[in-house]
Amino acid sequence: AVGAPCPRLEGPDMTGTPFNIKDWAGKYVLIDFWGTWCGACLQGMPAMRAFRDAHADRLILVGVANDKDPEKVLACMRSHGMDWINLMQGKGEDDFVATFNVQGFPTKILLDPRGTIVYRGSGESEDFYAEVEKILKES
């Protein structure tokens, strides 16, 4: 929920590199929960990439793929130019979709530099980026 500290988000990314959300303290982190099967998720990738690029000095983008097939996720990442950190959804205590209580896709969660959830949105809209832009300008 907004105002809560970020739950644990760690494990190997899609390249096998260890990832821990805590390593990004001091920057805003935009977590995008998406799926290869989600048309809205994939349509929104160019806008998300552009937003990330416009704020590269202050914002890190992390994807969490709601899929079970890593090869399918990697192929989708390549075909949609997803050159940011991505993790698989996971299972059990590593089921990040459950941990973050994601009910729909895409869901985007913004963490402030202290690791607190400051904004959460579902679906794909320009309003989300306008709200995040406002938060970034206020800090």
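It should be noted that the structure appears before, not after, this text.
Residues numbered from 1 in each chain as written. Predicted model: local features only at pLDDT ≥ 70, side-chain atom pairs only at ≥ 80, totals over all residues. Heavy atoms only, no water.

Chemist: Which residues make up unusual backbone geometry, and what values go with them?
Modeler: At the junction of Phe-105 and Pro-106, the peptide bond is cis and its omega measures out at -5 degrees in the coordinates. Inspection of the secondary structure puts Pro-106 in the loop between helix 4 (96-99) and strand 6 (107-111). Positive phi values are uncommon outside glycine, yet Asn-101 reaches one of about 55 degrees. By the secondary structure assignment, Asn-101 is in the loop between helix 4 and strand 6. For Asn-101, a relative accessible area of 48% gives the class partly exposed. (Helix = DSSP H or I, 4+ residues; strand = E, 2+ residues; numbered from the N terminus. Buried < 20%, exposed > 50% of the residue type's maximum accessible area, 1.4 Å probe, protein only.)

Chemist: Go over the pairing of strand 6, please, and point to the residues and values.
Modeler: With respect to burial, strand 6 is a largely interior element, five of its five residues being buried. Neither face of strand 6 is left uncovered, since the one carrying Thr-107, Ile-109 and Leu-111 and the one carrying Lys-108 and Leu-110 both have all their residues buried. Bridge count for strand 3 (residues 28-34) against strand 6 is five bridges, and the pairing is antiparallel. What sits directly across from Ile-31, in strand 6, is Ile-109. Where strand 6 lies against strand 7 (residues 117-122), five bridges are found, and the strand directions are antiparallel. Among the inter-strand pairings, Ile-109 is bridged to a residue of strand 7, identified as Arg-120. Here strand 6 folds back onto strand 7, and the loop between the two strands holds five residues, one of which, Gly-115, carries a positive phi near 85 degrees. (Pairing = 2+ DSSP bridges.)

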